[in-house]
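# Chains, contacts and geometry: an overview
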Amino acid sequence: MAPAPHSPAEALHLAVALDGAGWHPAAWREPDAQPDRLFTAAYWVDLAQQAERGLLDFVTIEDGLDLQSDDHFARDERTDRVRGRLDAVLIAARTAPKTRRIGFVPTAVTTHTEPFHISKEIATLDYVSTGRAGVRVQIAGRTDTAAHFGRREIAPLSAEKVNTGRRNDPDVQALIEAHFDEAADYVEVLRRLWDSWEDDAEIRDVATGRFIDRDKLHYIDFEGRWFSVRGPSITPRPPQGQPVVAALGHATVPYRLIARSADIGFVTPRDRAGAAKIIAEIRSEQALAGRAEETLHVFGDLVVFLDNNAPAAHDRRRRLDELAGVAYSSDAYIFAGNAAELADLLLDWAQAGLAGFRLRPGALPHDLAQITDALVPELQRRGAFRTGYPGPDASGSGTLRGLLGLPRPANRYASV
Amino acid sequence: MTKQIHLAAHFPGVNNTTVWSDPAAGSHIEFDSFTRFAQTAERGKFDFMFLAEGLRLREQNGVIYDLDVVGRPDTFTILAALAAVTDYLGLTGTINSTFNEPYEVARQFASLDHLSGGRAAWNVVTSWDGFTGENFRRGGYLAQDDRYERARTFLGTAAQLWDSWGGDEIIADKQSGEFLATPAPGAFKHSDAFFDIQGQFNVPRSPQGRPVIFQAGDSDEGRNFAASTADAIFSRHSTLKDGQAFYADVKGRLPKYGRTRDQLLILPAATFVLGDTDAEAADLAHEVRRAQVSPQTALRFIEQLWNTPLPDFDVDGPLPDFDPVVSDTLISKGRASVRMFAKNPVALADEWRARAADGKLSAREVVIEVTGRQSFVGAPETVASSINELVQADAADGYILVPHITPDGLAPFVDKVVPLLQERGVFRADYTGTTLRDHLGLDPLGQSGETGQANRAAS
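Model, not experiment: these values are computed from the prediction.

Quick look at the overall build of chain A now. Looking only at helices and strands, chain A features 12 helices and 13 strands. The C-alpha atoms of chain A give a radius of gyration of 21 Å, which matches the 22 Å a tight globule of 416 residues would have. Expressed as lengths along the three principal axes of its C-alpha atoms, the size of chain A is roughly 70 × 50 × 45 Å. By the burial criterion, 54% of the 416 residues in chain A qualify as buried. Considering only residue pairs separated by 6 or more positions, chain A has 77% of its internal contacts joining residues 24 or more positions apart.

Laid out in structure tokens, this is it:
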């Protein structure tokens, strides 16, 4: 299926990015914030159910194999920020059975984990959510994160390598590329493992005593630069065939990962023209990767501070900045305003070819509630967002792929 | 004093105990099966449910073994999902210490403990085979002698990570703006022959402090490991005599590690077949055994012991008259039980042939006799009495029951045997606590650094 063009009249896809008390570092101090519930299941169930009431496509859940830090390359010792987090896949698994339609896309770090484990974790998430699972792959370059594992084939990325004007040095570029190439290998292994069982491999043939047809199970025999994996998976092919794979990118190398490996790319344009430029680059890489005919959605990432009137949103952002002691900055565009203004912006940027948006609530639960209770109705009034989840007759009904218009992949190992 | 019985439910596994050919057998992978199983166990006020694990599909004669249930979910993920559909049931997962890293396993168990409100438990196992290692970037393979050492240091390291948060770091005071009471929570440093890691653990202390620790080792070394570090043992000794010997031995080792008898529970795995009468149950048990050992399965067992493919062998005739092939290379891979066969295959084959001669049994009938007899067979009253007598006689503290039908095979036990045990006052009528430690009668762990695991494991 070729990628569908998006005009304002067509429905946007909307996701929300959940992280701690929200994306602003002082969000946990808001009157309605619940910093004492961050490590309880109920907190995450409430948020996912709220997102589902807004008919959103999916939630992402941030993760990391280190303690959060304001410094991208080293730990800090701040005591005024949310610190500590639970495993994102397990949050998703704990939450999914309490919802019915919304998708779950937890973050998995590729740099230090085993693709065999992550493959079956996401396949199992797909089973427990009956086809609503995805995974956002992320590299972990920090030196101190690598020290948590003590086994690494690729040198970590340090601040001095990346930030001190050396970013364009060939050595540093090679290192960055190595991390992302490894992530691409990782996704290849995930997909092969998901395919390593054909859909009808379980036969339960009493006459011959066979539970499976072993000819429908496949060794994946992946041999790459950094690791090899034999297979097959211990988990049968999940309901969606292959759960949805997403990645976030800000530059050519990660765009290439998105183009080669992902079903959804999260990108961070600052305006409509920037979005068009990024999309052109991803589409070109996608063609180079031989995937021109495959659906690859590009979502714009935005941090949002939403209130019923725009001044209130700006005031709130300012107030949070004051509490944080520093003006909040982000890799993504930061929006403050009301739902109508945000709807204008989203529909404008969508013209550049964005299939949807991943909104990062500045503060939880406030900005999530504003998304579901103000932005969604505003987009619905403009005919730009679904007014209900698709009915039982829709193709891929009840699955995340179905919501996103992504076909269920054929199994690479199945003989026709 | 009358002991209280502990009961747990083992989700039917990927071996021939599980009768997938029964018309009542449901899916082994759909979440609905796991939900029904877990909710049945919780209806029976069980302490916990238990999941085994195997990280490579089994092979025999160089091809994937296809006669048993094949395929299962990821342990952590399915347990986290089951926490959503149960309120009290403990969630015990088997996780391998060879093909994981301590930081990751520690954060997954701590996360599961948070997300289940204190119901997580870890059955610590170790493999050493390069066969399974082929699925992992880390690769194989441990020298067999190193496996307990790795398990011990892995557990000790994980405990150090759990103890790196004391439980009072997060104050989240909106007024003062202090989220943390301390600038560097979770700091750790660990260096030994297996792990050289340092940094900050990123999951705050969980409701139980750490997961409840299970061990399944049976060797002298395994028993010491369990006596020094485990909260419960998943044993194979389900009969009176074996059970009492194992129980006395392991409980006797506890003082050496400064522990008391009630700090380590002994919970053998057990199977059961219920009938309206003892005679009916016995007949049913025989049918179940025949279903568990189909002609094809019997042949595979015989090949495993003889360690050679027997393509034209008739399982309704006698056992092979030649001796097993003694070799370091086994035709069966990824299966723990064949190591029992491999210890002394020639003697074991003689034993099987003697059984055949005594009972005038065919090869398949011998396999039915010598492998996997049910632990408890009888009318509900009989089974309740047997379990209670065994527990009161210190053959066990309770049992981990493995039904042979997924997912509803546990229901008859819950509906018919549990009420009898409750009437006798030897099993809880309702949950009295919320954490798995509560259910097991284990004292809560204190705050910072009091799991004791790190110290004991290192000694």
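Listed by partner, the interface residues are 65 residues for chain B and 62 residues for chain A. Within the residue set of the side of chain B that touches chain A, elements represented by two or more residues are strand S4 (63-64), helix H2 (75-82), helix H3 (102-115), strand S7 (170-173), strand S8 (178-180), strand S10 (196-200) and helix H9 (295-306) of chain B. Each residue belonging to the side of chain B that touches chain A can be placed in one class, and the counts come to 34 nonpolar, 17 polar and 14 charged.

Turning to the sheet that holds strand S11 (residues 212-215) of chain B, a few remarks are in order. All names here are of chain B. Here we have eight strands rolled up into a closed barrel, ordered S1-S2-S5-S6-S11-S12-S13-S17, and parallel in their pairing. Ignoring which end each strand starts from, the neighbouring axes of this sheet average 30° apart. Relative to strand S5 (residues 90-96), strand S2 (residues 48-51) is paired through four bridges, and the arrangement is parallel. Looking at S5, one finds that Phe48 is bridged to Gly90.

Moving on to the sheet that holds strand S15 (residues 332-333) of chain B. Residues and elements named next belong to chain B. Spatially, S4-S3-S15 is the arrangement adopted by the three strands of the open sheet, whose pairing is antiparallel. Looking at which strands have only one partner, the edges of the open sheet turn out to be S4 and S15. Of the pairings in the sheet, the one linking strand S3 (residues 59-60) to S4 comprises two bridges and is antiparallel in character. Counted as the bridge partner of Gln60 is Val63 from S4.

Judged by nonpolar contacts, the single largest core of 239 residues is most densely connected at Val16 and Val59 of chain A together with Ala8, Met49, Leu91, Leu267 and Leu401 of chain B. Sorting elements by how many residues they give to this core places helix H6 (residues 170-195) of chain A first, with nine residues. Ignoring any residue separated from it by four or fewer positions in sequence, one finds Val59 of chain A in contact with Ala15, Val16, Leu18, Ala48, Ala51, Ile102 and Phe104 of chain A. Grouped together as the second largest cluster of nonpolar side chains are 15 residues, Leu299, Ala349, Trp352 and Val367 of chain B included.

Quick look at the packing of H3 of chain B against helix H5 (residues 147-162) of chain B now. Residue and element names in this part refer to chain B. One way to put it is that H3 packs onto H5 with a least axis distance of 9 Å and a crossing angle of 55°. The angle between H3 and H5 places the two elements in the oblique class. For the pair H3 and H5, the crossing hand works out as right-handed. Residues Pro102, Tyr103, Val105, Ala106 and Ala110 of H3 lie in contact with H5, whose contacting residues are Phe154, Thr157, Ala158, Leu161 and Trp162.

The predicted model of chain A averages 94 in pLDDT, with 94% of residues at 70 or higher. Considering only residues more than four positions removed or in separate chains, one finds that residues 1-9 of chain A, a stretch of pLDDT under 50, has 13 contacts.

So, about the domain arrangement of chain B. A common measure of how large an interface is: the accessible area buried when the components associate. Residues and elements named next belong to chain B. Parsing chain B into structural domains produces domain 1 (6-276 + 374-458) and domain 2 (294-370). The C-alpha-based centres of domain 1 and domain 2 are spaced at 32 Å. Listed by partner, the interface residues are 11 residues for domain 1 and 10 residues for domain 2. Counting only elements with at least two residues in the side of domain 1 that touches domain 2, the list comes to S3 and helix H4 (130-133).

Further remarks concern the environment of Asp249 of chain B. Residues and elements named next belong to chain B. Topologically, Asp249 is positioned in helix H7 (residues 240-253). Its 14 C-beta neighbours within 10 Å are what place Asp249 among the partly exposed residues. Asp249 sits 138 residues away from Ile387 along the chain, and the two C-alpha atoms are 20 Å apart.

Here we come to the packing of H2 of chain B against H3 of chain B. All names here are of chain B. Where H2 meets H3, the axes come as close as 9 Å, and the angle between the chain directions of the two elements is 10°. Relative to H3, the element H2 lies roughly parallel. Facing H2, whose interface residues are Phe76, Leu79 and Ala80, H3 presents Gln108, Leu112 and Leu115. By residue class, the composition of the contact of H2 with H3 is five nonpolar, one polar and no charged.

For the rest of this paragraph, the subject is helix H7 (residues 252-261) of chain A. All names here are of chain A. Most of H7 is tucked away: eight of the 10 residues are buried. Buried residues of H7: Pro254, Tyr255, Arg256, Leu257, Ile258, Ala259, Arg260 and Ser261, and no others. Check the buried side of H7 and you find it contacts H6, strand S9 (244-249), strand S10 (264-267) and helix H8 (272-288).

Bringing helix H10 (residues 339-350) of chain A into the picture now. Residues and elements named next belong to chain A. Taking 1.5 Å of rise per residue, the 12 residues of H10 would be expected to cover 16 Å, and the 16 Å separating its terminal C-alpha atoms lies within 8% of that figure. For H10, every residue scored as buried is listed here: Ala339, Leu342, Ala343, Leu346, Trp349 and Ala350. Seen along its axis, H10 keeps its buried residues to an arc of 135°; they face one direction. Where H10 is buried, its residues touch H8, strand S11 (297-306), strand S12 (333-337), strand S13 (356-361) and helix H11 (366-381).

On to the pairing of strand S17 (residues 398-401) of chain B. Here is the key point about a regular strand: its side chains alternate between the two faces of the sheet. Residues and elements named next belong to chain B. Neither face of S17 is exposed, since Gly398 and Ile400 on one face and Tyr399 and Leu401 on the opposite face are all buried. By the bridge criterion, four bridges tie strand S1 (residues 6-10) to S17 in an arrangement that is parallel. If you follow His6 over to S17, its bridge partner there is Gly398. Direction of pairing for strand S13 (residues 265-270) relative to S17: parallel, over a ladder of two bridges. Note on S17: the bridge partner recorded for Ala269 is Ile400.

Before going further, it helps to examine unusual backbone geometry. That bond from Leu364 of chain A to Pro365 of chain A is cis: its omega, 5°, falls within 30 degrees of zero. Secondary-structure assignment places Pro365 of chain A in the loop between S13 and H11. Across the junction of Thr406 of chain B and Pro407 of chain B, the peptide omega takes the value -5°, indicating a cis bond. Relative to the assigned elements, Pro407 of chain B resides in the loop between S17 and helix H14 (411-423). A positive phi angle is found at Lys45 of chain B, which is not glycine, with a value near 60°. Mapped onto the elements, Lys45 of chain B comes out in the loop between helix H1 (31-43) and S2. Backbone geometry at Asn307 of chain B places phi at a positive 55°, although glycine is not the residue there.

What counts and what doesn't
Residues numbered from 1 in each chain as written. Chains lettered and ligands numbered in written order. Predicted model: local features only at pLDDT ≥ 70, side-chain atom pairs only at ≥ 80, totals over all residues. Helix = DSSP H or I, 4+ residues; strand = E, 2+ residues; numbered from the N terminus. Rg over C-alpha atoms; globule rule 2.2 N^0.38 Å. Buried ≥ 20, exposed ≤ 12 C-beta atoms within 10 Å, placed from the backbone. Contact = placed C-beta atoms within 7 Å. Nonpolar A, V, L, I, M, F, W, Y, C, P; charged D, E, K, R; others polar. Pairing = 2+ DSSP bridges. Axes fitted to C-alpha atoms, helices over the stretch in contact; angles between N-to-C directions. Core = buried A, V, L, I, M, F, W, Y, C linked by C-beta atoms within 7 Å. Parallel < 35°, antiparallel > 145°, perpendicular 65-115°, else oblique. Left-handed = near helix turned anticlockwise from the far one by under 90°. pLDDT = per-residue confidence, 0-100. Domains from an automatic or database assignment. Expected span 1.5 Å × (residues − 1). Arc of directions from axis to C-beta.

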